[in-house]
Amino acid sequence: LAEERRVITLDQIGCRYVPHVMLVRVGSRLAVKNSDPVQHNVKGVFNTKAQPRFNLFSSSNSLLPPSEDTVLDKAGLWPLNCDIHWWMTGYIRTVPHPYFAVSGPDGVATLHGVPAGTHVVACWHEGMVMRVVGSGTDISGYQPSADFDLPPQTVTVPAGGTVDVTFVIEPR
């Protein structure tokens, strides 16, 4: 069966990607909105910054519809950045199933509709510490700390029941 191609929208507001982190199904198509009065670009790569998968320039107050270039066709991490504004970063994580959630400000995420049985639950968090890269007084860029990929946990969901899973991310 072909995966349904959902359209997700990434906005650019106040020189930030909104939402900053998205979890979506594999096969989703990305539309890019620019709510700012300035130009931006969204460069997306898959798992590594070595090879960009798309690089979309958006003029102020515009909407770029999804295209074949913005189909998120593999499960994994899609880091995003703007070459015009170095601090603009974002992340899209694609998964091949419908059971995922982004945590709220309280750090809690809730998965709904998970069938009874044994499942593996994983947690990812972006690296938070930015290090200046350069030589002497010449700054050539900024490097975030490594992301947190915590060891997955195996849980058994009882029929009609719930399970609490806790991941602890130590501050760096």
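In case you missed it, the structure is sitting above this.
Report follows, based on the coordinates. (Residues numbered from 1 in each chain as written. Predicted model: local features only at pLDDT ≥ 70, side-chain atom pairs only at ≥ 80, totals over all residues. Heavy atoms only, no water.)

Overall, mixed pairing links the 4 strands, which are arranged β2-β1-β4-β7 in an open sheet. The sheet terminates laterally at β2 (17-18) and β7 (62-64), the two strands that pair on one side only. Both strand β1 (residues 7-12) and strand β4 (residues 29-34) contribute to a ladder of 6 bridges, which runs parallel. Counted as the bridge partner of I8 is L30 from β4. (Pairing = 2+ DSSP bridges. Helix = DSSP H or I, 4+ residues; strand = E, 2+ residues; numbered from the N terminus.)

Before going further, it helps to spend a moment on the state of the cysteines. Under the defined criterion, the tally for this structure stands at 0 disulfides. Residue C15 stays outside any disulfide, its sulfur separated by 7.5 Å from that of C82, the closest cysteine. (Disulfide = S-S within 2.5 Å.)

Below, the discussion takes up the environment of V42. The residue V42 is located in strand β5 (residues 40-45) in this model. Separated by 47 residues in sequence, V42 and T89 have C-alpha atoms that sit 9.0 Å apart. Among residues more than four places away in sequence, those in contact with V42 are L10, Q12, Y17, V32, F54, N55, L56, L80 and N81. (Contact = heavy atoms within 4.5 Å.)

Within soluble globular proteins, side chains that are nonpolar tend to cluster in buried spots. Ranked by internal contacts, the top residues of the largest apolar core, which has 18 residues, are L30, F54 and I92. Residues in contact with F54, not counting those within four places in the same chain, are L30, V42, K43, G44, D69, T70, L72, W78 and L80. (Core = buried A, V, L, I, M, F, W, Y, C linked by side-chain atoms within 4.5 Å. Buried < 20%, exposed > 50% of the residue type's maximum accessible area, 1.4 Å probe, protein only.)

Let's shift gears to the sheet that holds strand β6 (residues 52-58). Strand order in the open sheet made by the 5 strands is β3-β9-β8-β5-β6, with mixed pairing throughout. This sheet does not close on itself; its edge strands, each paired only once, are β3 (21-25) and β6. Taken pair by pair, the neighbouring strands of this sheet meet at an average axis angle of 20°, ignoring direction. Both strand β8 (residues 76-81) and strand β9 (residues 89-95) contribute to a ladder of 6 bridges, which runs antiparallel. Across the sheet, the residue bridging to L80 is G90, located in β9. (Axes fitted to C-alpha atoms, helices over the stretch in contact; angles between N-to-C directions.)

Next up on the list: unusual backbone geometry. Here the residue pair V18 and P19 is connected by a cis peptide bond, since its omega of 0° sits within 30 degrees of zero. Its location among the elements puts P19 in the loop between β2 and β3.

Our focus in this paragraph is the pattern of salt bridges. Per the stated rule, a full pass over the model turns up 2 salt bridges. The partner of D83 in a salt bridge is K43, and the shortest N-O contact between them spans 3.1 Å. Here the residue D83 occupies a position in the loop between β8 and β9, and K43 occupies one in strand β5, the gap between them amounting to 40 residues. Ionic pairing is found between R53 and D73, a salt bridge with its closest N-O pair at 3.0 Å. Of the two residues, R53 sits in strand β6 while D73 sits in the loop between β7 and β8, which places them 20 residues apart along the sequence. Using a relative accessible area of 33% as the deciding quantity, one classes R53 as partly exposed. (Salt bridge = Lys/Arg side-chain N within 4 Å of Asp/Glu carboxyl O.)

Among the structural elements, S58 can be located in strand β6. What makes S58 buried here is its relative accessible area of 0%. Apart from the residues lying within four places of it in its own chain, the contact partners of S58 are Q12, V32, N34, V38, Q39, H40 and L64.

Another point: the environment of W124. Here W124 shows up in strand β10 (residues 117-125). Between the C-alpha atom of W124 and that of L77, which follows or precedes it by 47 residues, the distance is 9.8 Å.

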